[in-house]
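Tertiary structure, described
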Amino acid sequence: MKTIITSKKVQVGQSFTDYAEKKLSKKLDRFFGEDAEVLVTVSSVREMIIVELTLKYGNLIFRAEQKAADKNEALDSCVDKIIRQIRKNKTKVEKRLHVSAFAEADFDTPEVEEQNYTVERTKRWVLNPMNVDEAILQMGLLGHNFFMFMNGETGEVNLVYKREDGGIAVIEAVNA
């Protein structure tokens, strides 16, 4: 498993790097092996440490974010969140993960029931060309947390959404 650790506004020492690599290897190697890439971002906001953990394996992306007073505590919580995501979607993702990952797994918590999803409604929406500012305005006018639009500058489909921290983000679709 390839691990990349970056920091923003906080010092990350070798001890945290070693701890993170050991923790990630111990907990996640059985699911992903050497092909996975893990990006750990450590940042500081006021008195809190924020750890963002993004794990990429093929077309699967797992992401967790946690705030805590301690880097190690936040990392532990992120790893636990990733494992819960894997466990929750076990039947959907086990075909893409290592075959033996779930046979060897000794989960401390009881199995989570598989959830069957049904599409309750399908909407059709005309994507009018607009810029990002217009899309943000339209999202606000509709009272939604996200808004899909055709970027007038690039001609591509984009999505703007409200982040938990109150900011706005844009997702630009890119072909693989």
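Look above for the structure.
In this report, we go over the structure that sits alongside the text. What you are looking at is a predicted structure, and each value in this text was computed from that prediction instead of being measured.

Details of the sheet that holds strand β8 (residues 168–172)
Sheet architecture is open: four strands sit in the order β5-β6-β7-β8, paired in mixed fashion. Of all the strands in the sheet, the pair left with one neighbour each is β5 (129–130) and β8. By the bridge criterion, two bridges tie β5 to strand β6 (residues 146–151) in an arrangement that is parallel. Across the sheet, residue M130 finds its bridge partner in β6, namely N151. The sheet contacts of helix α5 (residues 132–142) involve β5, β6, β7 (157–162) and β8, and relative to β6 the element is tilted by about 150°.

Examining the pattern of salt bridges
Within the structure shown, the criterion is met by four salt bridges. Of the charged contacts in the structure, one is a salt bridge between D76 and K23, with a shortest N-O distance of 3.5 Å. Highlighted residues: D76 in helix α2 (residues 71–88) and K23 in helix α1 (residues 14–32), separated in sequence by 53 residues. Given a relative accessible area of 18%, K23 falls into the buried group. Close ionic contact of R63 with E65 constitutes a salt bridge, the shortest N to O distance being 2.9 Å. E65 gets classed as partly exposed once you look at its relative accessible area, which sits at 28%. Within this structure, E52, R63 and E65 form a network of salt bridges that share partners.

About the cut-offs
Residues numbered from 1 in each chain as written. Predicted model: local features only at pLDDT ≥ 70, side-chain atom pairs only at ≥ 80, totals over all residues. Heavy atoms only, no water. Pairing = 2+ DSSP bridges. Helix = DSSP H or I, 4+ residues; strand = E, 2+ residues; numbered from the N terminus. Contact = heavy atoms within 4.5 Å. Axes fitted to C-alpha atoms, helices over the stretch in contact; angles between N-to-C directions. Salt bridge = Lys/Arg side-chain N within 4 Å of Asp/Glu carboxyl O. Buried < 20%, exposed > 50% of the residue type's maximum accessible area, 1.4 Å probe, protein only.

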